[in-house]
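# Summary of structural features
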Amino acid sequence: MGMLRTSLTYENVYANIAIQAGTNVDDNYSAESMKLFHEAFIGVYLDKDQKHVVEAGIMPSYIGFETSSSYSNLTLTRSIMAESSPFYFTAVKYNYVPNDNWSLAFVTTNGWQRIEKPNNKALPTFGTQIVYTPTDKTTLNWSTFIGDEPVDTDVLRTRYFNNLFVDHGWNEKWRTILGFDMGFQKSIVNDAFQDWKTVTLITQYAVSKKWNLAARAEYFEDKENVIIGAISPVEVFGASFNIDFIPNSKLKLRTEAKWFDAKEPIFNKETGMTNSNFFLVTSLAFEF
């Protein structure tokens, strides 16, 4: 993945534009014709104290604590939690910051991780975000989403979603993130609701300025295949261990070992379907 980003500011108006390319873009933006843009939004402060702001355009998701660019995440690979929730929206977002501890937002979007609207019958979706930062080392976030999602060409099903996480720095070396997601969606065959849920725990330890270690445990459950289109009910436990080498402020070499264990054989290998999956992955990232 390659990305170039710029920010422009004039008085009470600002704009963020980021263009992107690479196989990551091909995979995650396959349904979009405007896949060139990672970000393209404008913001306007409505008051001189900058407590009220309205943003509109293609913007990063207000849901979750991981981004599509893994450079800033605690782990090299993203959690199942992140991969099963939006990385971006086309949205209009109103944000109110009453003081240094609270931030409140209301969002209307084109749908669940969509730049363009796939079905004109679908009304705009809505969401909220409440962020509480009692100290500079602790952040609590609650994000919501509600709206109709296309399940088939002409079939819309209402989706309700909650994302909760706490990000806490214990000291200069230790940092922990605990997240929980839960979603509900109307069944395609009746008015009953199907659900999925996931929990993720990540702890990072800064050995030195040049070395970081991180460990993750996660659980994901989607027994009725609402989010993950598997042939069997999905119930997975995952664990990973991460080593980062940071020679300077612009370069990061990362290596991760990751293991999954599922109740059903959902992983596809050359020898057939299996219940477990283990892999090693490494990444060299440059940011300037």
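These figures come from a predicted structure and were not determined experimentally. (Residues numbered from 1 in each chain as written. Predicted model: local features only at pLDDT ≥ 70, side-chain atom pairs only at ≥ 80, totals over all residues. Heavy atoms only, no water.)

### Topic: the overall build of the protein chain
Broken down by element type, the protein chain carries 2 helices and 17 strands. Dimensions of the protein chain, computed from C-alpha atoms along their principal axes, come out at roughly 60 × 55 × 35 Å. Looking at the 288 residues of the protein chain, the share that counts as buried comes to 40%. Within the protein chain, contacts between residues separated by at least 24 positions form 48% of all contacts whose residues are at least 6 apart in sequence. With the model as given, the accessible surface of the protein chain reaches about 15,500 Å², and the carbon-plus-sulfur share is 59%. Side chains of the protein chain carry 26 positive and 33 negative charges; the gap between the two charge centres is 4 Å. (Helix = DSSP H or I, 4+ residues; strand = E, 2+ residues; numbered from the N terminus. Buried < 20%, exposed > 50% of the residue type's maximum accessible area, 1.4 Å probe, protein only. Contact = heavy atoms within 4.5 Å. Areas by Shrake-Rupley, 256 points an atom, 1.4 Å probe, with all protein chains shown as cover. Lys, Arg positive; Asp, Glu negative; His and termini not counted. Charge placed at Lys NZ, Arg CZ, Asp CG, Glu CD.)

### Regarding empty space enclosed by the protein
Empty space among the atoms can be located by rolling a probe the size of a water molecule over them. The full count for this structure, using the stated rule, is 2 cavities of 30 Å³ or more. In this structure, the largest cavity occupies an estimated 70 Å³ of space. Lining the largest cavity are Ile63, Gly64, Phe65, Glu66, Met81, Ala82, Ser85, Pro86, Phe87, Asn163 and Asp181. Quantified by volume, the second largest cavity comes out at close to 40 Å³. Lining the second largest cavity we find Asn110, Gly111, Arg114, Lys117, Pro118, Asn119, Ala122, Leu123, Thr125, Asp148, Glu149 and Pro150. With 3 residues, strand β8 (residues 138-150) is the single largest residue contributor to the lining of the second largest cavity. For the lining of the second largest cavity, a count of residues per class yields 4 nonpolar, 4 polar and 4 charged. (1 Å grid on protein atoms, 1.4 Å probe; cavity = no way out; pocket = protein on both sides within 12 Å on 5 of 7 lines; lining within 4 Å. Points joined across faces, edges and corners; volume = space filled by probe spheres on them. Nonpolar A, V, L, I, M, F, W, Y, C, P; charged D, E, K, R; others polar.)

### Notes on the environment of Thr75
Following the sequence through the fold, Thr75 ends up in the loop between β4 (52-60) and α2 (80-83). When the C-alpha positions of Thr75 and Ile42 are compared, they lie 30 Å apart, and in sequence the two are 33 residues distant. When residues no more than four places from it in sequence are discounted, the contact partners of Thr75 are Glu66, Ser70, Ile202, Ala214, Arg216, Asn242, Arg254 and Glu256.

### Quick look at unusual backbone geometry
The phi angle at Glu11 is positive, at roughly 55°, despite the residue not being glycine. Summarising the element assignment, Glu11 is placed in the loop between β1 (2-10) and β2 (13-21). With a relative accessible area of 63%, Glu11 lands in the exposed category. At Asn225, a position not held by glycine, the phi torsion is positive, near 55°. Structurally, the position occupied by Asn225 is in the loop between β12 (211-222) and β13 (234-248).

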